[in-house]
Amino acid sequence: MKISILGITGKMGHQLAELITTSADLCLVAGTTSLKNSLRDQQLYGIKVSTDPTEAIRIADIVIDFSSFAGVNAHLEQAIDNKKPLLIGTTGLQ
């Protein structure tokens, strides 16, 4: 199963990436972070960390969102448009 993590550079993103990359049945295909994060455009867990969730959502079988509350609505819309399941673990939602 191909998985993308939105918010891969956060605590939960790191934990999930480690679990996914050690699993025989799962494949980490993309990860995103904010424009401000120093890890953007760097290699992490075998993928290049992006700041654009569009491609991460498009290429995944499932998307896990541990980004920020500011982006969740846009991520949800993109997941719906791409017919991708989205697991939201982001805090601070109202």
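Relevant structure appears above.
Now for a look at the structure at hand. Note that this is a predicted model, so its numbers are computed, not measured.

Procedures and definitions
Residues numbered from 1 in each chain as written. Predicted model: local features only at pLDDT ≥ 70, side-chain atom pairs only at ≥ 80, totals over all residues. Heavy atoms only, no water. Core = buried A, V, L, I, M, F, W, Y, C linked by side-chain atoms within 4.5 Å. Buried < 20%, exposed > 50% of the residue type's maximum accessible area, 1.4 Å probe, protein only. Helix = DSSP H or I, 4+ residues; strand = E, 2+ residues; numbered from the N terminus. Contact = heavy atoms within 4.5 Å. Salt bridge = Lys/Arg side-chain N within 4 Å of Asp/Glu carboxyl O. Pairing = 2+ DSSP bridges. Right-handed = clockwise from strand over helix to strand, strands pointing away. Arc of directions from axis to C-beta.

One broad rule of soluble globular proteins: the nonpolar side chains tend to lie buried together. If you look at the biggest cluster of nonpolar residues, it comprises eleven residues: I3, I5, I8, L16, A17, I20, L28, L44, I47, V49 and I64. Those elements that provide at least two residues to this core are β1 (2–6) and α1 (11–21). A total of three residues in this core trace back to one element, the largest contributor, which is α1. The residues contacting A17, other than those within four sequence positions of it, are I5, I8, L28 and Y45. Counting residues in each nonpolar core, the second largest holds six residues, with A30, A56, I57 and V63 among its members.

For the rest of this paragraph, the subject is the pattern of salt bridges. All told, the structure shown has one salt bridge when counted by the stated rule. The shortest N-O distance in the salt bridge between E55 and R58 comes to 2.7 Å. Here the residue E55 and the residue R58 both occupy positions in helix α2 (residues 53–59), the gap between them amounting to three residues, near one helical turn. Since its relative accessible area comes to 40%, E55 is described here as partly exposed.

Bridge count between β1 and strand β2 (residues 27–32): five bridges; the pairing is parallel. Within β2, the residue paired with L6 across the bridge is T32. In this fold, the crossover linking β1 to β2 by way of α1 has right-handed handedness.

A separate point is the environment of F69. Take F69: it is sitting in the loop between β5 (62–65) and α3 (72–81). As a C-alpha pair, F69 and V49 span 20 residues in sequence and 19 Å in three-dimensional space.

Looking now at α1. Those residues of α1 that sit buried are G13, L16, A17 and I20. End-on, the buried residues of α1 take up no more than an arc of 100°, which puts them together on one face. Seen from the buried face of α1, the exposed residues on the opposite side, beyond 90 degrees, are K11 and L19. Buried-residue contacts for α1 involve β1, β2 and β5.

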